[in-house]
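Now for the letters of each chain:
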Amino acid sequence: MSMFSTGILVLTSPLHTLPFRIAPVLSSAAQVVERTLYVHLHPGLNLGAGGHVRPVFIPPVVDLPGLISRLYSNAADVCGHLDVRVLLTNFRAQPVMPQAGLDAASNPFPSPQTLSHSPEVVLTDFPLQDPGQSSVVAQCLQRYAGHCYVCKPDLSSVILHPRLEQVKDEDQKGRDTKPIETYGDVVVGGTFDRLHGAHKTLLNICCLLANRRFVIGVCDQELLKNKVLRELIEPFALRLEKLQEFLNDVKPSLQYDMVPLSDPFGPSVTDPQLQCIVVSEETRRGGEAVNGKRVQNGLSELVLYSIPLIKDAHHTDIEEEKISSSSLRARLLGTLLTSPQPRPAFSQVPYVIGLAGGSGSGKSSIAQRLEGLGAVWINADQIGHGTYLPGSAAYHKILQEFGPDILNEDKTIDRQALGRKVFGNKKRLKALTDIVWPEIALQVKERIHQAKQEGARVCVIDAAVLLEAGWTDMVHEVWVTIIPEEEAVRRIVERDHVSKEDALRRLQNQWSNARLVEHANVVLCTLWESDVTQRQVLKAWNLLQERICQKKEETGLPS
């Protein structure tokens, strides 16, 4: 069967049966769609009657939020590669005073909605009573989708045939088909990094509850400081852009106000029009704190609407049991975050990795592990120490520049005396690095050439100043190791027997983690146990081997 980039799944099963059928239906849809899958709910829609079946407004019921949560949870389990989005355009609360002769289900439906990605295929779970019906159902499905959404002109249709369970009467117990209570203005807060199923559940339910305006506070600046792997959090502007796109797809009729949060409360404690705040099990106390602040500010309390957390069936020992952005960021470690710059004139053998990282980041331990997997380890930091020894090319230039008073009695350079001359003086520091860095680079290149002569396939240049020195022209990829500042300080104090203040000053004179990550193709972190680091390195190494093989196939070089 052909694969399509974007599809729309029209679910026609009754709401009470869908929780038992979502997983196999999504699994079947994932065999047809490979990127974005929109989900349109129309319980009881009869696509087999022929004629013109048109969309109608459906009153949202109390069971619907649970169904949405179940849908995103199942999507994470059975088709995690898909960007699934549940659309709510056709859900509208019953008006208090309906027009004469009209109810919510018969109000005229708006013109077809334009989605962020135009559907190329429409799918359905509609059960065929007779195989001969398929043509009629397919045509009816295409017309129905065209009434709802702007689709590609050559829209295809697929009737899914998943193995569905029969829903027993006892499975229907506890159903709540009462209309859900909705509110004019709803508020929620979060980081919304790399939108995942739990975010989408939260946002979808907020959209369901809101009739007029949805206020979204997005964490920024101070609120990100204690986040795990905060350097890998998407930029604020990108998170806003993705939120806007998702929400415009889900329910374009709402007014969306997205504001940066620099404190835990934001507009939730000052906006008098807000009526409801949506929280999860773990943030309910935060919602209660919001109401406490609102009372202090003379505002009415918000309705706290609580949703359950979504369990992550694929979490590892360093990840949370719930679906979370921090777990997704941890899974990025060792993967290719940005593609390397193409260097057609640069020899692919050996393939050179430049490994950078701040003091205490575990950079050399990573290099050692890579050496254990077959890479040639070139320790540029160690080479750098050699450039200060008597007899080296740099030794005489350093003496000429900084004078003989930096020498010990045995004529070796007193690194502490030299450090005092350059500390805090950018001009003098540059004079030193202009002498030392080119000499280190020359020796590194010689080591790479030697490794090539010995048949090495991969070299790793272990260099703290790789990026500052501009040595990226010597490497195919830049890998960086990061560690939280407080952990780096602890390691430096323990390893070098210096004060915390000295350790912190050392780190402040180096590139920050965030700046390193900006230039990285691959990021690694040694924060956790040794076996976790080894798994990261092994993943990074295996993915590297795949890239090298792919490049050889593209260039026609022998493996």
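Residues numbered from 1 in each chain as written. Predicted model: local features only at pLDDT ≥ 70, side-chain atom pairs only at ≥ 80, totals over all residues. Heavy atoms only, no water.

- An unreviewed UniProt entry lists the protein chain under the name Bifunctional coenzyme A synthase, with Electrophorus voltai as the source organism.
- Entered under Function (unreviewed entry) in the UniProt record, the comment concerning the protein chain runs "Bifunctional enzyme that catalyzes the fourth and fifth sequential steps of CoA biosynthetic pathway. The fourth reaction is catalyzed by the phosphopantetheine adenylyltransferase, coded by the coaD domain; the fifth reaction is catalyzed by the dephospho-CoA kinase, coded by the coaE domain. May act as a point of CoA biosynthesis regulation."
- Turning to the protein chain, the UniProt record has this under Subunit (unreviewed entry): "Monomer." (UniProt positions renumbered as here; feature names shortened; annotations may be inferred.)

**A look at the overall build of the protein chain**
Okay, so step 1: The helix and strand tally for the protein chain stands at 16 helices and 15 strands.
Okay, so step 2: Projected onto the principal axes, the alpha-carbon positions of the protein chain cover approximately 100 × 65 × 40 Å.
Okay, so step 3: Residue burial in the protein chain is summarised as follows: out of 559 residues, 48% are buried.
Okay, so step 4: Counted over contacts in the protein chain with a minimum sequence separation of 6, partners at least 24 positions apart contribute 79%.
Okay, so step 5: Carbon and sulfur atoms make up 51% of the accessible area of the protein chain, which amounts to about 27300 Å² in all.
Okay, so step 6: Looking at charge distribution, the protein chain has the averaged site of its 59 positive side-chain charges lying 2 Å from that of its 64 negative ones. (Helix = DSSP H or I, 4+ residues; strand = E, 2+ residues; numbered from the N terminus. Buried < 20%, exposed > 50% of the residue type's maximum accessible area, 1.4 Å probe, protein only. Contact = heavy atoms within 4.5 Å. Areas by Shrake-Rupley, 256 points an atom, 1.4 Å probe, with all protein chains shown as cover. Lys, Arg positive; Asp, Glu negative; His and termini not counted. Charge placed at Lys NZ, Arg CZ, Asp CG, Glu CD.)

**So, the nonpolar core**
Okay, so step 1: With 60 residues, the main nonpolar core has Leu37, Val84, Leu123, Phe214, Ile216 and Val278 as its most contacted residues.
Okay, so step 2: By size, the runner-up hydrophobic cluster in this structure holds 52 residues, among which are Leu229, Ile435, Trp471 and Ala503. (Core = buried A, V, L, I, M, F, W, Y, C linked by side-chain atoms within 4.5 Å.)

**Quick notes on helix α13 (residues 485-496)**
Every α-helix winds through 3.6 residues per turn, so residues three or four apart in the chain are directed the same way.
Okay, so step 1: Taking 1.5 Å per residue as the helical rise, α13 with its 12 residues ought to reach 16 Å, and the 16 Å between its terminal C-alpha atoms agrees with that figure.
Okay, so step 2: Buried residues of α13: Glu487, Ala488, Val489, Arg491 and Ile492, and no others.
Okay, so step 3: In the core, the buried residues of α13 are packed alongside α14 (500-508).
Okay, so step 4: Positioned one or two residues after α13, His497 has a phi angle of 55 degrees, which is positive. (Expected span 1.5 Å × (residues − 1).)

**Some details on the pattern of salt bridges**
Okay, so step 1: Using the criterion set out here, one finds 28 salt bridges in the structure.
Okay, so step 2: Put simply, Asp185 and Arg213 hold a salt bridge, and the shortest N to O gap is 2.5 Å. With a gap of 28 residues between them, Asp185 in strand β6 (residues 183-190) and Arg213 in strand β7 (residues 210-219) connect regions that are remote in the sequence. Side by side, Asp185 and Arg213 carry an identical accessibility label, which is buried. (Salt bridge = Lys/Arg side-chain N within 4 Å of Asp/Glu carboxyl O.)

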